[in-house]
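This is what each chain is made of:
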Amino acid sequence: MSPQPQAAVGAPLSRVDGPLKVTGKAQYAAEFDVDGVVHAVIVDASIGRGRITGVDTRDAEAVPGVLRVIHHGNAPKLPYRDNPGSNNPPGRRLQVFQDDRVLFHGQPVAVVIATTLEAAQHGASLVEVRYDAEKPSTDMADATADEPTTYARGDAEAALRDAAVRMDLTYRMARNHQNPMETHATIARWDGDKLTVWDKTQWVVGTQTELSTVFDLPMKSVRVISPFVGGGFGSGLRCWPHTVIAALAARETKRPVKVVLSRKQQYFGTGFRPSYEYRLRLGSDQRGRLQATVHEMDAETSSYEKFDEAIMLAGQMFYSTPHVSQAYRKVPLDVNTPIWMRGPGFANASFAIESAMDELAHRLRIDPIELRLRNEPAEDESNNLPWSTRRLRECYTVGAREFGWERRDPKPRARRDGDWLIGLGMAAAVYDPGRYPAQARVRLDADGTAVAEAASSDMGPGTYTSQTQVAADALGLTMRTMTFRLGDSLYPPTPPHGGSQTMTVVGSAVLDACNKVRGQAIKLAVEDEESPLYGVRAEDIVVRGGRLHVQDTPARGETYQRLLARNKLTHLEADGAYAGAPEPARHSYYSYGAVFTEVGVDATLGLVRVRRMLGVYDCGRIVSPKLADSQALGGMVGGIGQALLEHTVTDHRDGRIVNADLAGYLVPVNADIPEIRAIYLEGEDMQADPLGVKGIGEIVQVGVAAAIANAVFNATGRRIRELPITAEAFL
């Protein structure tokens, strides 16, 4: 078939679901009107480790409207079968109300179900839990790490000893919490032995799989519905205990049950970006060419599961380095399990690596961009594969030109604006977008409209819109006559909505299904003696505006409606699929970027303010420029938060999170955000997927913190090796 005209893909279209959101008609997990629903409030452990010695529920059960109080002493035993298809880390997942052990502060220890939310809240406040408390281990500095995950090529220690220039640097990064606007919520309802949940999740299939294993149900007996997600940033990438609790409470009370976590409960109930200590030793020659790097990374995990993320990849492939050694150690603590957060692994690794590159450049009196250019690899040295695309040189060139990098004075403290010291900094960025198998289904109806379906989520990047764009062009329809549906486990399965993969994998599956449906219509037309397209070669036909016609003779053709009506067909339908990354891999597949920033540092108070920021990205084909800009600006704002504000504080005496609210945990607000701009290099990566796209949701946060820290050094002469950057760094 001929390539389809592209009218929607690449156009800066507004969100198709925008009117639903601004009018309040978009339904989020807690907003579904489920007949007979009652409310549940979770009681959280007030100790960080120990055992429950007693639970007194009499006062709670006496509250009018309270239906039931469930805890480990009266809860049914649940199967918790092995679950190879879940997104959970390896280890013993938290099994709610199954024993008397307390593994972390805030662990669910009981749930109160009542006819009203107020009664459930009051009842929960009256549940008395007695403990045999132990001192929790919540400080990495005092804990023992697991055996490391390692990587090596060459002899890094020997090469480091022989290097003309050596540096030994340690970076520390605070724990971060996702803090989406919509707190996590679940409504659960049983119909006999079938379970339906309305859940805030970034992976409906993952939640379906987890619930099927916990309750020993066939997958088809669990339905998960999640059409809108009010932000996730990774917090919805697995099924959390509150969802299991909602389903358990619904089964025990034989009523639909709604659980909505409070903001405070999110801090110990839905994961976080783990804190890191990252030691980086590097050696180079006098011209700045890297000879060896040694990476030692310690990160917190929970004592009952082993969470890890892709913290090692950037150090293996980003710069040409013949000798590399890495050790990644997980440090088990009495905390709830971490989870992936925007730019997982790479956002933290880039802070260490890109800060070190800036320090090496200053030491050798080489421009930071020039140093990076001198260390550009010809191929991925971790696996000897060619790049699918790698246009970092162009990112540097475009970014330097557009940002005015030539005005940067390499001498620290050289620029002032009144009381403010002004500095410029930059950092490179890399991310490994996911490519896992996905499926989709498309139906073209006799009225000329079409529907595409996939079980993906949309936590805000615009999945409804971007998938509609792909489908509309592939079928030759307008945006108005094309509909995309998501967020339901009844639809074809897709991988998690995270890891910058949704546009790639779901889009490719949708494209495949649409191509099949269009092919069915074309075949029908060329074989139909009554069609004006009878006898035409299929490859000479395109579809535009719902009308099939000969590519070079637009007057010769007919509409989908006429074709289907004449053949007495109600619809055409096809399933599409994307197989995932090829195995064995033929190319090294990453997205890239360069971040430039200007900061001001108050010379007296040590306050840091970002004044402007630019990101230039190599992310393949851009399906929707308006949505891409939204993603880029949001990612950069997240990077500003990571660099300057976000820090979860734990009281190590009992494991309590001290700042478990948006008053104590600081996130960027409008006043913190300056002029931000993103540029996308034109092009596509056809080695990556049939659409030539690379997801951009993660790459746009990677490198931001390092660029800010490097700009702070240029402004003040003070090296920053700890996040977030506070006034104390300048004392």
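Residues numbered from 1 in each chain as written. Predicted model: local features only at pLDDT ≥ 70, side-chain atom pairs only at ≥ 80, totals over all residues. Heavy atoms only, no water.

Participant: So what exactly am I meant to see when it comes to the overall build of the chain here?
Facilitator: The helix and strand tally for the chain stands at 16 helices and 30 strands. In terms of C-alpha radius of gyration, the chain reaches 27 Å, essentially the compact-globule figure of 27 Å for 731 residues. C-alpha atoms of the chain, sized along the principal axes, occupy 85 × 70 × 50 Å. Going through the 731 residues of the chain one by one, you find that 61% of them count as buried. Of all intrachain contacts in the chain linking residues separated by at least 6 positions in sequence, the fraction that spans at least 24 positions is 81%. Counting every atom, the chain has about 27,900 Å² of accessible surface; 49% of that belongs to carbon and sulfur. (Helix = DSSP H or I, 4+ residues; strand = E, 2+ residues; numbered from the N terminus. Rg over C-alpha atoms; globule rule 2.2 N^0.38 Å. Buried < 20%, exposed > 50% of the residue type's maximum accessible area, 1.4 Å probe, protein only. Contact = heavy atoms within 4.5 Å. Areas by Shrake-Rupley, 256 points an atom, 1.4 Å probe, with all protein chains shown as cover.)

Participant: Any chance you could explain the pairing of strand β19 (residues 450-453) here in plain terms?
Facilitator: The side chains of a regular strand alternate between both faces of the sheet. With burial as the criterion, each face of β19 is covered, one bearing Ala-450 and Ala-452 and the other bearing Val-451 and Glu-453. Bridge count for strand β18 (residues 438-445) against β19 is 4 bridges, and the pairing is antiparallel. Within β19, the residue paired with Leu-444 across the bridge is Ala-450. Hairpin connection of β18 to β19: 4 residues between the antiparallel strands, including Gly-448 at a positive phi of 90°. (Pairing = 2+ DSSP bridges.)

Participant: Please clarify how unusual backbone geometry should be interpreted in this entry.
Facilitator: The general pattern is negative phi for most residues beyond glycine and trans for most peptide bonds. Omega for the peptide link from Glu-583 to Pro-584 comes to 0°, which places this bond in the cis form. In this model, Leu-723 is joined to Pro-724 through a cis peptide bond whose omega is 0°. Residue placement: Pro-724 occurs in the segment after β30 (722-723). For Asp-216, which is not glycine, the phi dihedral falls at a positive 55°. Here Asp-216 is to be found in the loop between α5 (204-214) and β11 (222-225).

Participant: Help me understand the layout of surface pockets in this model?
Facilitator: Gaps between atoms show up when a probe of the same size as a water molecule is rolled over them. Here the second largest pocket defines a volume of roughly 640 Å³. If you trace the second largest pocket, you find 30 residues lining it, with Met-173, Ala-174, Ser-275, His-647 and Glu-722 closest to the centre. Its residues assigned to classes, the lining of the second largest pocket shows 13 nonpolar, 8 polar and 9 charged. (1 Å grid on protein atoms, 1.4 Å probe; cavity = no way out; pocket = protein on both sides within 12 Å on 5 of 7 lines; lining within 4 Å. Points joined across faces, edges and corners; volume = space filled by probe spheres on them. Nonpolar A, V, L, I, M, F, W, Y, C, P; charged D, E, K, R; others polar.)

Participant: Looking at this model, I keep getting lost on the sheet that holds β19. Mind explaining?
Facilitator: To summarise the sheet geometry, strands pair through backbone hydrogen bonds and adopt either a parallel or an antiparallel arrangement. With mixed pairing, the 4 strands of this open sheet are ordered in space as β20-β19-β18-β24. On the outer flanks of this sheet lie β20 (482-485) and β24 (571-578), each paired with one strand and no other. For this sheet, the mean angle separating the axes of adjacent strands, direction not counted, is 15°. Relative to β20, β19 runs parallel, the two being bridged by 4 bridges. Pairing of Ala-450 across the sheet is with Met-482, part of β20. Relative to β20, helix α12 (residues 463-475) is tilted by about 135°, and along the sheet it contacts β18, β19 and β20. Strands in contact with helix α13 (residues 502-527) are β18, β19, β20 and β24; relative to β24, the strand with the most contacts, it is inclined by about 145°. (Axes fitted to C-alpha atoms, helices over the stretch in contact; angles between N-to-C directions.)

Participant: Even after reading the chapter, I still don't get the packing of aromatic side chains, so can you show me in this structure?
Facilitator: Each pair of aromatic rings is reported with the distance of its centres and the angle of its planes. What the rule picks out here adds up to 15 aromatic pairs. With 6.2 Å between their ring centres and 35° between their planes, Phe-32 and Trp-198 make a pair best called tilted. Of this pair, Phe-32 sits in the loop between α1 (18-22) and β1 (38-44) while Trp-198 sits in strand β10 (residues 194-199), placing them 166 residues apart in sequence. Here Trp-198 falls in the buried class, since its relative accessible area comes to 8%. Look at Tyr-590 and Tyr-592: their rings are 6.4 Å apart centre to centre, the planes differ by 50°, and that puts the pair in the tilted class. The buried category is assigned to Tyr-590, whose relative accessible area is 6%. Since its relative accessible area comes to 0%, Tyr-592 is described here as buried. Put simply, the rings of Tyr-28, Phe-228 and Tyr-464 touch in pairs and so form one group of aromatic residues. Directly above the aromatic system of Trp-240 lies the positively charged group of Arg-238, at a separation of 4.9 Å from the ring centroid. Over the aromatic face of Phe-713 sits the side chain of Arg-719, whose NZ or CZ is 3.6 Å from the ring centroid. (Phe/Tyr/Trp six-rings, centres within 6.5 Å; stacked < 30°, edge-to-face > 60°. Lys NZ or Arg CZ within 6 Å of the ring centre and 35° of its normal.)

Participant: Hey, could you run me through the side chain of Arg-263 in this one?
Facilitator: Take Arg-263: it is sitting in helix α7 (residues 263-269). Buried charge without a salt bridge: Arg-263, with Asp-661 as the nearest opposite-charge side chain at an N-O distance of 8.8 Å. Only 2.9 Å separates the side chain of Arg-263 from the backbone oxygen of Pro-180, close enough to count as a polar contact. Separated by 3.2 Å, the side chain of Arg-263 and the backbone oxygen of Met-181 make a polar contact. Residues in contact with Arg-263, not counting those within four places in the same chain, are Asn-179, Pro-180, Met-181, Thr-183, Ala-660, Asp-661 and Leu-662. (Lys, Arg positive; Asp, Glu negative; His and termini not counted. Salt bridge = Lys/Arg side-chain N within 4 Å of Asp/Glu carboxyl O. Polar contact = N/O pair within 3.5 Å; in protein donor to acceptor, adjacent residues only side chain to side chain.)

Participant: Quick question: what am I supposed to make of the sheet that holds strand β3 (residues 66-71) here?
Facilitator: Spatially, 7 strands are ordered β3-β5-β1-β12-β9-β10-β11 in an open sheet, and the strand pairing comes out mixed. Pairing within the sheet leaves two strands with one partner each, and these edge strands are β3 and β11. Mean inter-strand twist for the sheet, computed between neighbouring axes without regard to direction, equals 20°. By the bridge criterion, 5 bridges tie β3 to strand β5 (residues 108-114) in an arrangement that is antiparallel. Within β5, the position partnered with Arg-68 by the bridge is Ile-113. Across the sheet, helix α3 (residues 117-126) lies against β1, β3 and β5, angled at about 20° from β1, the strand it touches most. Sheet contacts for helix α6 (residues 241-253): β1, β3, β5, β9 (185-191), β10 and β12 (257-260); angle to β9, the most-contacted strand, approximately 35°.

Participant: Before we go on, may I ask you to explain the environment of Glu-305 in this structure?
Facilitator: Summarising the element assignment, Glu-305 is placed in the loop between β14 (290-302) and α8 (313-317). As for Glu-305 and Arg-93, which are separated by 212 residues in sequence, their C-alpha atoms are 6.2 Å apart. Separated by 2.6 Å, the side chains of Glu-305 and Thr-337 make a polar contact.

Participant: Would you mind going over the pattern of salt bridges with me for this structure?
Facilitator: Taken as a whole, this structure holds 46 salt bridges when the rule is applied. Linking Glu-296 and Arg-329 is a salt bridge whose minimum nitrogen-to-oxygen distance equals 4.0 Å. Residue Glu-296 is found in strand β14, and its partner Arg-329 is found in strand β15 (residues 323-333); the two are separated by 33 residues along the sequence. Relative accessible area serves as the criterion here: at 21%, Arg-329 is assigned to the partly exposed category.

Participant: Please explain the packing of helix α9 (residues 346-364) against helix α16 (residues 704-716) as it appears in this structure.
Facilitator: Each packed pair of helices is defined by two parameters, the angle between the axes and the distance between the axes. Remark: α9 packs on α16, axes separated minimally by 8 Å, with the N-to-C direction vectors making an angle of 30°. With respect to α16, the axis of α9 lies roughly parallel. Once α9 is placed against α16, the crossing between them reads as right-handed. For the pair α9 and α16, contact is made by Ser-350, Phe-351, Glu-354, Ser-355, Asp-358 and His-362 and by Ala-705, Ala-706, Ala-709, Asn-710 and Phe-713, respectively. (Parallel < 35°, antiparallel > 145°, perpendicular 65-115°, else oblique. Left-handed = near helix turned anticlockwise from the far one by under 90°.)

Participant: When you look at the nonpolar core in this model, what are you seeing that I'm missing?
Facilitator: Buried together is how nonpolar side chains tend to be arranged in soluble globular proteins. Tyr-278, Ile-708 and Ile-725 are the most contacted members of the largest nonpolar core, which totals 92 residues. At 10 residues, the largest contribution of residues to this core is made by α9. Those residues in contact with Tyr-278 that sit more than four places away from it in its chain are Leu-169, Thr-170, Tyr-171, Met-173, His-295, Glu-296, Met-297, Ile-311, Ala-349, Ala-352 and Ile-353. Ranked by size, the runner-up nonpolar core spans 48 residues in total, among them Ala-438, Ala-450, Met-482 and Val-505. (Core = buried A, V, L, I, M, F, W, Y, C linked by side-chain atoms within 4.5 Å.)

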